[in-house]
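An overview of the molecular structure
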Amino acid sequence: MLKFMVVVYRLPGLTPDQFRRHMRDTHSPLAMSLPGLRKYVQNFAGKDATRQPPGWDAIVELYFDDRPSMDAAWASPQGAASDADLAIFADLSRTTWSVVDEVTVLE
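Residues numbered from 1 in each chain as written. Predicted model: local features only at pLDDT ≥ 70, side-chain atom pairs only at ≥ 80, totals over all residues. Heavy atoms only, no water.

Scanning the entire structure with this criterion turns up four aromatic pairs. Relative to Trp74, the ring of Phe4 lies with its centre 5.5 Å away and its plane at 55 degrees, an arrangement referred to as tilted. Taken together, the residues span a long stretch of sequence, with Phe4 in strand S1 (residues 2–8) and Trp74 in helix H2 (residues 67–75) at a distance of 70 residues. Taking the relative accessible area as the measure of exposure, Phe4 reaches 9% and is therefore buried. Judged by relative accessible area, which is 22%, Trp74 ranks as partly exposed. Each residue in the set Phe4, Phe64 and Trp74 is aromatic and connected to the rest through ring pairs, giving one cluster. Sitting over the face of the ring of Tyr63, Lys39 holds its NZ or CZ atom 5.1 Å from the ring centroid. (Phe/Tyr/Trp six-rings, centres within 6.5 Å; stacked < 30°, edge-to-face > 60°. Helix = DSSP H or I, 4+ residues; strand = E, 2+ residues; numbered from the N terminus. Buried < 20%, exposed > 50% of the residue type's maximum accessible area, 1.4 Å probe, protein only. Lys NZ or Arg CZ within 6 Å of the ring centre and 35° of its normal.)

Time to look at the packing of H2 against helix H3 (residues 77–89). Orientation of H2 relative to H3, taken along the N-to-C sense of each, is 70 degrees, at an axis distance of 4 Å. Accordingly, the angle class assigned to the pair H2 and H3 is roughly perpendicular. Across the interface between the two elements, Ala73, Trp74 and Ala75 from H2 touch Pro77, Gly79, Ala80 and Asp83 from H3. Among the residues making up the contact of H2 with H3, the classes are represented as five nonpolar, one polar and one charged. (Axes fitted to C-alpha atoms, helices over the stretch in contact; angles between N-to-C directions. Parallel < 35°, antiparallel > 145°, perpendicular 65-115°, else oblique. Contact = heavy atoms within 4.5 Å. Nonpolar A, V, L, I, M, F, W, Y, C, P; charged D, E, K, R; others polar.)

Next comes the structure, spelled out in structure tokens:
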């Protein structure tokens, strides 16, 4: 299983609620339509009075069987639509993504 993570920063001018609503109502259906996608998780920074906000607005996890499956998903019309939608709500000058090696230390 290949894991691809995206650290997302919202565009200036969008409230956290507007950002979450767009992720949930518009971007999620686009991402979930990616061919070969096995799992899709959105993680949002929660309120924590004991810590400063992290700066990012969401960390997204996308799982594929392997690299060729992921590459095919991004090359598909669904991948193009998902990528195009990012510019509507994500600050692409700060948002980053990468394939990651997940190491489970404790389960």
